[in-house]
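Structural description and commentary
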Amino acid sequence: MKWRALPADFPAWDRVYAFFRRWRTKGLAQEFHGRLREQARQAEGRHPQPTAAVIDSQSIKAAASVPAV
């Protein structure tokens with residue numbers, strides 16, 4: 001992420017990054033993401049935890065982490 005490109009109504013970019021870095025180190029960023037996902041799913045009347053995932057073959061071929069054969 002380009003931290004210096006944050007919207008003007010945010011605090012200074014270095015302060016925002018410092019909070020993010022601390023949250024990431026303590027695992028809070030991932031926990032916040034999970035909680036928000038659960039709340040969004042419940043707001044739509046869905047089960048809080050996903051029960052399935054779909055990955056198409058094109059996504060796998062295009063992934064940078066998958067070496068070309």
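Refer to the preceding data block for the structure.
Attention here is on the structure that accompanies the text. (Residues numbered from 1 in each chain as written. Predicted model: local features only at pLDDT ≥ 70, side-chain atom pairs only at ≥ 80, totals over all residues. Heavy atoms only, no water.)

1. Describing a positive patch on the surface
Positive charge collects at one region of the surface, where R15, R21, R22, R24 and K26 lie side by side. Examined against the element boundaries, R22 turns out to sit in helix α1 (residues 13-25). Here R22 falls in the partly exposed class, since its relative accessible area comes to 40%. (Patch = residues over 30% accessible without salt bridge, like charges linked within 9 Å, V, L, I, M, F, W, Y side chains within 5 Å. Areas by Shrake-Rupley, 256 points an atom, 1.4 Å probe, with all protein chains shown as cover. Salt bridge = Lys/Arg side-chain N within 4 Å of Asp/Glu carboxyl O. Lys, Arg positive; Asp, Glu negative; His and termini not counted. Charge placed at Lys NZ, Arg CZ, Asp CG, Glu CD. Helix = DSSP H or I, 4+ residues; strand = E, 2+ residues; numbered from the N terminus. Buried < 20%, exposed > 50% of the residue type's maximum accessible area, 1.4 Å probe, protein only.)

2. A look at helix α2 (residues 28-43)
Given a rise of 1.5 Å per residue, 16 residues ought to cover 22 Å, and the 22 Å separating the end C-alpha atoms of α2 matches this to within 8%. In the segment just after α2, G45 is the residue with positive phi, at about 80°. (Expected span 1.5 Å × (residues − 1).)

3. Considerations on the packing of α1 against α2
The geometry of α1 relative to α2 is characterised by a closest axis approach of 5 Å and an angle of 85° between their N-to-C directions. When the interaxial angle is binned, α1 and α2 end up roughly perpendicular. Contacts between α1 and α2 involve F20, W23 and R24 from the first element and L28, A29 and F32 from the second. Of the residues contributing to the contact of α1 with α2, the split by class is five nonpolar, no polar and one charged. (Axes fitted to C-alpha atoms, helices over the stretch in contact; angles between N-to-C directions. Parallel < 35°, antiparallel > 145°, perpendicular 65-115°, else oblique. Contact = heavy atoms within 4.5 Å. Nonpolar A, V, L, I, M, F, W, Y, C, P; charged D, E, K, R; others polar.)

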